[in-house]
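# Fold and contact review
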2 protein chains.
Amino acid sequence: MVSLVGKSNSGKTTLMEKLLPEFVRRGYKVGTIKHHSHAGFDIDVEGKDSWRHKKAGARQVIIAAPDKIALVRDADREASVGELAAEFGRGLDLILTEGYKREVFPKIEVFRKGVHESLLCGPGDGLIALATDADVDAGVPRFGLDDARGIVDLVESTLLKGKTP
Amino acid sequence: MVSLVGKSNSGKTTLMEKLLPEFVRRGYKVGTIKHHSHAGFDIDVEGKDSWRHKKAGARQVIIAAPDKIALVRDADREASVGELAAEFGRGLDLILTEGYKREVFPKIEVFRKGVHESLLCGPGDGLIALATDADVDAGVPRFGLDDARGIVDLVESTLLKGKTP
């Protein structure tokens, strides 16, 4: 598990979009978890039958097609990313998360100059790399915002050792 | 697990919408599984970041909010409903499915006169009830299309014994 963190609008999703194809190219099966801090996001599923189930009181609805599974579940409390990984991580080599800055797994901070003044992460936050266009030093390897290959090399050599893609 | 079956346009989802609130009223936690027989349905999630993850190559994306979890996963093959229940059924008292007519669990057939000529299920198909406006006999208890209370009574007394809602 590796999390992309950064203040708002720093470019976490954009970096995610660059890293994912590079992991896939190397043969890894990657899942992502996006943290949504407020309640009430909506999901709209073609066909809508499953939506009718949900509205009628189903606690969880699943749509199962030959090539895809979708699930929506009501939660009484916010699941930790560890719980999500344990329940849903089967068959994946790596889980990349976005927005879990308080959890204790390795993190890559995205930092763009001109957007924010200072880094989000400090010592003890589990930072393993910076993706940035700024000349900042956090005591960890620094990569350009576009350097998917460099970042994936780092993750592969440090965290994915022994995983056969 | 109980499946609502019936030929197309027989009213499975409409019955589902009547049964779910009755189960919920009695305190049961119910999940549903909707079978989608063709590939390529679309899911549209507000905010779209998770969609960007999926398009960039993530095999699975999860959105986790305080009150809800959503998941979309690519599948190499169609999961059986038993596999889906085993993986995702934790914490539920009952799973109602729609459209799994070939699986071997108890079934309620929805049959409307004027829409189809004959029943979908025959002997050996695991039928436990009919929901119908027609005067047909399948050798199982028959309920009106609106009789959620009667159908839930049957499911409760035969399949949910010992489950404390």
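Report on the accompanying structure. Only a predicted model underlies this, so the values are computations on that prediction, with no experimental measurement involved.

Assigned secondary structure in chain A consists of four helices and nine strands. In chain A, the order of α-helices and β-strands from amino to carboxyl end is β-α-β-β-α-β-β-α-β-β-β-β-α. Seen through its principal axes, chain A has C-alpha atoms that stretch 55 × 35 × 25 Å. Residue burial in chain A is summarised as follows: out of 165 residues, 50% are buried.

Residues and elements named next belong to chain A. The element strand E5 (residues 68–74) is largely enclosed, with a buried count of six among its seven residues. The pairing of strand E4 (residues 60–65) with E5 spans six bridges and is antiparallel. Bridge pairing links Ile-62 to Leu-71 in E5. Adjacent in sequence and paired antiparallel, E4 and E5 are bridged by two residues.

Take the packing of helix H1 (residues 12–25) of chain A against helix H4 (residues 148–158) of chain A next. Residues and elements named next belong to chain A. For the pair H1 and H4, the least separation of the axes is 9 Å and the interaxial angle reads 60°. Considering their axes alone, H1 and H4 lie oblique with respect to each other. Handedness of the crossing formed by H1 with H4: right-handed. Contact residues: H1 offers Leu-15, Lys-18, Leu-19, Glu-22, Phe-23 and Arg-25, while H4 offers Ala-148, Arg-149, Ile-151, Val-152 and Val-155. When its residues are assigned to classes, the contact of H1 with H4 shows seven nonpolar, no polar and four charged.

Turning to the interface of chain B and chain A, a few remarks are in order. Residue-level contacts link 58 residues of chain B with 58 residues of chain A. For the chain B and chain A pair, buried surface summed over both sides reaches about 5800 Å², with 56% attributable to carbon and sulfur atoms. The interface formed by chain B and chain A includes four salt bridges. Every element with two or more residues in the side of chain B that touches chain A is listed here: helix H1 (12–25), strand E2 (30–35), strand E3 (43–45), helix H2 (49–55), strand E4 (60–65), strand E5 (68–74) and helix H3 (81–88) of chain B. Among the residues making up the side of chain B that touches chain A, the classes are represented as 28 nonpolar, twelve polar and 18 charged. Where E5(A) and E5(B) come together, seven bridges link them in antiparallel fashion.

Conventions and cut-offs
- Residues numbered from 1 in each chain as written.
- Chains lettered and ligands numbered in written order.
- Predicted model: local features only at pLDDT ≥ 70, side-chain atom pairs only at ≥ 80, totals over all residues.
- Heavy atoms only, no water.
- Helix = DSSP H or I, 4+ residues; strand = E, 2+ residues; numbered from the N terminus.
- Buried < 20%, exposed > 50% of the residue type's maximum accessible area, 1.4 Å probe, protein only.
- Pairing = 2+ DSSP bridges.
- Axes fitted to C-alpha atoms, helices over the stretch in contact; angles between N-to-C directions.
- Parallel < 35°, antiparallel > 145°, perpendicular 65-115°, else oblique.
- Left-handed = near helix turned anticlockwise from the far one by under 90°.
- Contact = heavy atoms within 4.5 Å.
- Nonpolar A, V, L, I, M, F, W, Y, C, P; charged D, E, K, R; others polar.
- Buried area = accessible area lost by both parts, 1.4 Å probe.
- Salt bridge = Lys/Arg side-chain N within 4 Å of Asp/Glu carboxyl O.

Read these as layout, nothing more, since geometry by itself doesn't imply function.
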